[in-house]
Each structure stands twice: as structure tokens, then as C-alpha cells.
Amino acid sequence: MRRLEGQAAIVTGAAQGLGEAIARRLAQEGCSGVALCDVNEPKVKETAAAIAAETGCTAFGMKTDVTNDQEVAALVQAAMDQFGKLDILVANAGILRSGDILDLSPSDWRLVIEVNLTGYFLCAQAAARVMVPRKSGKIIQINSKSGKKGSFRNSAYASSKFGGIGLTQSIALDLAPHGIRVNAVCPGNLLDGTLWQQSLYEQYARNQGLTVEQVRAKYEQQVPLGRGCTYDDVCNVVVFLASDESSYMTGQAINVTGGQEMR
């Protein structure tokens, strides 16, 4: 049985990678409508069309900068116009700029905080404004294990994710009286994912003085279960949090880390 039958969702940062995987999984689980957004307009529209063709779900892609409150409001309105309601927001859009505290530029710091934290706030706020009148909704942030524990030469990202958990807990309190649940998912290292393949291996190898192969081995060795996190690992928890199976859960930050983080 599909667990999200007839629901309408927005997924941010959904042109590729984890966001694409989440959007596809929501459609496979029965969502009747999924709005995908990303700053990469051609790719997000292509991804939405592919998901619609594969699943029969009504899906559309829209260029949206999550740091721009007017663009976020327009995204939510487009979803309401298309679907008539909004049941699920998955705030996945994120960015990473790593560097030692002595070298990290203020511009990189501000960019990471703006996208990862302010972007989440703006999306959650816009979604909540249309969920409150219906007394129903689920807001899910894709956080990180770096939201639970400091990250070596990665202070901007960890700070944005620590802030994301605080924001999740705070808006969960604000929205609980309206029947809206707010939770976060904290994945481990998605070592075969798009972000790692296109950016993080190179960033971490450069910043830590390692080869790409040594970076992968280092991060695998930190996981008690002995492997990296996968998109399916994350999607399984997202679907659970979006479904009625988690109806008594709000304000939580769920680890999906293979035991690497247990707090």
C-alpha cells in the first residue's frame, strides 16, 4: 500500500541528487502532486517531467532561489494553484563551502548560512501559512549529522545545520497547535551521491591534504555499519515522517548515519 496517497508536496533543491530521489519517492508513494524547485531551471524541469512520466504523478519544476522570499512565496502559490493544497514540504536545498576557520571567507560563510538556514526558514514559513488554515501538514528538513556534532574544517555548514535543528524544534512548537508536524532528517555521508561526486571529495581532499581515495576510506571507517549513507536510506525516513505512521512525532532530528552519530 502506498503511504502518501493523494497528498501534495514541495521538494526544494530537487533538480538532481538527494532532492530528485526524494521527489521521485514521494511520487512513487502515492503523492498526486509534487512541485520540484531548484536554481537550475532547465534541469529541475527535466527532472519533474521524468518523474511525471515514470509515476503518473502531476509534477512540475520551477526555478526558485530559496533565499528570496518572493520566489519562495511564488513557488508555494504555484503548488496551491496546481494541487489545491500543500500537505508536505521537504526543505532539502543546501550548499557547502568548507575551510579552516583561519581561511574561510566571510562571503562563503554568509552564503552557507543564507541558503541552509535562512532558506529553510523562508520555505517553512511560506508552507506554514497555507497549512495552518487546513490544520494539517508536515514540514521536513534535510539536515545532517553535522547538525549534531562539529565538523572538521566545515564550520559554516555545521553552524547552519545546528541552527536548522533549533529552527525545527522552535517552529514545531509554534505549529503543533495547528496540527502541523515539523521534523528533521540527519543523514550521514552520502558517499556515492551527487554532492560528494561533484564537489565534496575534491574540497575535502584539498583541505585535508588527502587523496580522493583516502577521503572515502576515512569516512567509511568512521561508520560502525561500515558503509556510506544512500538516497534510499534517507528517503525511507522522509516517507515515514511524511506519513501517518509518525503522527506522534514532532520537533525530532532523526539520525540516518549507520551509527556514526547516536545523539
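The structure we're discussing is the one just above.
Visitor: How should I be thinking about the pattern of salt bridges in this particular structure?
Guide: Pairs may arise between side chains of opposite charge once their charged atoms sit close together. Throughout the structure, instances matching the rule amount to 16 salt bridges. A salt bridge links R24 to E54, with the shortest nitrogen-to-oxygen separation between them at 2.7 Å. Separated by 30 residues along the polypeptide, R24 in helix α1 (residues 17–28) and E54 in helix α2 (residues 41–55) bring together distant segments of the chain. Between D100 and R153 there is a salt bridge, with the nearest N and O atoms lying 3.5 Å from each other. In this pair, D100 is assigned in the loop between β4 (88–91) and α4 (106–131) and R153 in the loop between β5 (137–142) and α5 (155–175), connecting sequence segments 53 residues apart. Among the charged side chains, a network of salt bridges with common partners joins R3, R25, E29 and E245.

Visitor: I'm lost on helix α6 (residues 194–208) in this one. Help?
Guide: Three- or four-residue spacings in an α-helix give side chains the same orientation, since the helix completes a turn every 3.6 residues. With 15 residues, α6 should reach 21 Å at 1.5 Å per residue; the first-to-last C-alpha distance of 20 Å fits that figure. The sharpest bend along α6 measures roughly 50° and falls at L200. Along α6, the residues that are buried comprise W196, L200, Y201, Q203, Y204, A205, N207 and Q208. At the C-terminal side of α6, G209 shows a positive phi close to 65°.

Criteria and cut-off values
Residues numbered from 1 in each chain as written. Predicted model: local features only at pLDDT ≥ 70, side-chain atom pairs only at ≥ 80, totals over all residues. Heavy atoms only, no water. Salt bridge = Lys/Arg side-chain N within 4 Å of Asp/Glu carboxyl O. Helix = DSSP H or I, 4+ residues; strand = E, 2+ residues; numbered from the N terminus. Expected span 1.5 Å × (residues − 1). Bend = angle between axes of the 7 residues up to and from the residue. Buried < 20%, exposed > 50% of the residue type's maximum accessible area, 1.4 Å probe, protein only.

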